[in-house]
Amino acid sequence: MQPLSPAFFARSTLEVAPDLLGTLLIHEQPTGERLVGRVVEVEAYTQDDPAWRSWGIVDAATGLVVPEGRGLDLFGKPGTAYVYLCYGRYWMLNVVTEPEGRAGCVFVRAVEPLAGRDVMWQRRPAARREVDLTNGPGKFSQAFDIDRRFHGRPLTAPPLYFAEDEEKRDWPIATSCRIGLHFGIDWPYRFFVEGHRCVSPGVPSDVAARARCAKRSGVINRRGR
DNA sequence: ACGAGGATGCTCT
DNA sequence: GAGCATCCTCGTG
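For clarity, every value in this text was computed on a predicted model and none was experimentally measured.

**Thoughts on the protein's contact with DNA strand B**
Working step 1: With respect to spatial proximity, the complete set of residues near DNA strand B consists of Gly56, Ile57, Arg70, Leu85, Tyr87, Gly88, Arg89 and Arg148.
Working step 2: Interatomic distance of 2.3 Å between a backbone N/O atom of Tyr87 and a base oxygen of DNA strand B.
Working step 3: Measuring from a phosphate oxygen of DNA strand B, one finds a side-chain N or O atom of Arg148 at 3.3 Å.
Working step 4: When its residues are assigned to classes, the surface near DNA strand B shows three nonpolar, two polar and three charged.

Structure representation (structure tokens):
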């Protein structure tokens, strides 16, 4: 498994996000076992994004993410992890994008469990069906044992890294607005594999926003590269 | 099947 | 002290 390179992530966030769909997320366990999931749902977060308000790392006047404190990490090396704790329980995995000095990241929302499922079942006793192992950002981070210890570390080398899927399938990609936000809810920056069983069940909480986003949804092509 | 509500801890004001 | 890029449980039907 060849890891994706830092150069892959040192591009426009809106290019990286859909390109990340279909790639593999791999976590090599201390035991030698390898957890593998295929990325099926992501969200993009750009430098001028109102959604940063959710993280409290913006300048109140400009609305832009500020390069200090936690915000500084979003300006860091492309391909490194930005890990965030949500609601006191669940770890959110992001990968930093854009050339160094420019803020951006892709938030991984769901993967398809491909290998190491026995370990995932142990870590997720609440799961009923196989898709429940990884069909949400807090779920797959629990299944993959991802937490704060990966913050700032490269996702371009073991033990935790992204890799190209050798099957090279063409995935039908759909877009929508993002899920669970209070700011930037109209931005159509969510990308997911159309119809895939492992896409998270989440929907935009605001009914009006959901309707607006539905209008903007559409299938686009990937991997003409 | 689906919706409401609570758990929980980190970050910034 | 408030807010939060979630998930799970337990009600109803």
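After presenting the structure, the write-up continues.
**Points about the pairing of strand E5 (residues 104-115)**
Working step 1: Counting buried residues in E5 gives 10 out of 12 residues, a clear majority hidden from the surface.
Working step 2: The pairing of strand E2 (residues 34-46) with E5 spans 10 bridges and is antiparallel. Looking at the pairing, Glu41 lines up with Ala110 of E5.
Working step 3: Summarising the sheet, strand E4 (residues 90-96) and E5 pair through three bridges and their orientation is antiparallel. Residue pairing for E5: Val95 is matched across the bridge by Val106.

**What to know about the protein's contact with DNA strand C**
Working step 1: With respect to spatial proximity, 23 residues lie near DNA strand C, and among them Ser54, Trp55, Asn94, Phe107 and Arg124 are the closest.
Working step 2: When the atoms of DNA strand C within 4 Å of the protein are grouped by moiety, sugar and phosphate amount to 60% of the total.
Working step 3: One of the side-chain N or O atoms of Tyr90 is found 3.3 Å from a sugar or linking oxygen in DNA strand C.
Working step 4: A distance of 3.2 Å separates a phosphate oxygen of DNA strand C from a polar atom in the backbone of Lys139.
Working step 5: Partitioning the surface near DNA strand C into residue classes produces 14 nonpolar, six polar and three charged.

**Considering the pattern of salt bridges**
Working step 1: Under the definition given, this model contains 17 salt bridges.
Working step 2: As a salt-bridge pair, Asp147 and Arg149 come within 2.9 Å of each other at their nearest N and O atoms.
Working step 3: Salt bridges sharing common partners tie together Arg38, Glu112, Arg117, Glu130, Asp165 and Arg197.

**Digging into the packing of aromatic side chains**
Working step 1: Tallied over the entire structure, the rule returns six aromatic pairs.
Working step 2: An angle of 50° between the planes, with centres 6.0 Å apart, marks the rings of Tyr45 and Trp52 as tilted.
Working step 3: According to the relative accessible area criterion, Trp52 is buried, its value standing at 0%.
Working step 4: For the pair Tyr45 and Phe107, a centre-to-centre distance of 6.4 Å together with 70° between the ring planes defines the contact as edge-to-face.

**With respect to the nonpolar core**
Working step 1: Counting 44 residues, the largest nonpolar core has Leu20, Phe144 and Phe162 as its most contacted members.
Working step 2: The element that contributes the greatest number of residues to this core is E2, accounting for five residues.
Working step 3: With 18 residues, the next largest nonpolar core counts Tyr45, Ala51, Ala103 and Leu181 among its residues.

**Here we look at the environment of Glu33**
Working step 1: With respect to the secondary-structure elements, Glu33 resides in the loop between strand E1 (24-28) and E2.
Working step 2: Placed 31 residues apart in sequence, Glu33 and Leu64 show a C-alpha to C-alpha distance of 42 Å.
Working step 3: Once you skip the residues sitting within four places of it in the chain, Glu33 turns out to touch His27, Glu28, Gly116, Asp118 and Val119.

**Examining the confidence of the model for chain A**
Working step 1: On average, residues of chain A score 86 in pLDDT, and 89% of them reach the 70 mark or higher.
Working step 2: Contacts of residues 211-225 to residues separated by more than four positions or lying in other chains number 39 contacts, the stretch itself having pLDDT below 50.

**Some words on the side chain of Thr97**
Working step 1: Looking at the element boundaries, Thr97 is found in the loop between E4 and E5.
Working step 2: Beyond its immediate stretch of four places on either side in the chain, Thr97 contacts Phe9, Arg11, Thr13, Val16, Pro78, Arg102, Gly104, Cys105 and Val106.

**Focus on unusual backbone geometry**
Working step 1: At the junction of Pro158 and Pro159, the peptide bond is cis and its omega measures out at 10° in the coordinates.
Working step 2: Its place among the elements puts Pro159 in the loop between strand E6 (156-157) and strand E7 (160-163).
Working step 3: The backbone of Asp145 sits at a positive phi, close to 60°, despite the residue not being glycine.
Working step 4: Counting through the fold element by element, Asp145 comes out in the loop between helix H4 (137-143) and E6.
Working step 5: You can call Asp145 partly exposed: its relative accessible area is 28%.

The rules we used
Residues numbered from 1 in each chain as written. Chains lettered and ligands numbered in written order. Predicted model: local features only at pLDDT ≥ 70, side-chain atom pairs only at ≥ 80, totals over all residues. Heavy atoms only, no water. Near = heavy atom within 4 Å. Polar contact = N/O pair within 3.5 Å; in protein donor to acceptor, adjacent residues only side chain to side chain. Nonpolar A, V, L, I, M, F, W, Y, C, P; charged D, E, K, R; others polar. Buried < 20%, exposed > 50% of the residue type's maximum accessible area, 1.4 Å probe, protein only. Helix = DSSP H or I, 4+ residues; strand = E, 2+ residues; numbered from the N terminus. Pairing = 2+ DSSP bridges. Salt bridge = Lys/Arg side-chain N within 4 Å of Asp/Glu carboxyl O. Phe/Tyr/Trp six-rings, centres within 6.5 Å; stacked < 30°, edge-to-face > 60°. Core = buried A, V, L, I, M, F, W, Y, C linked by side-chain atoms within 4.5 Å. Contact = heavy atoms within 4.5 Å. pLDDT = per-residue confidence, 0-100.

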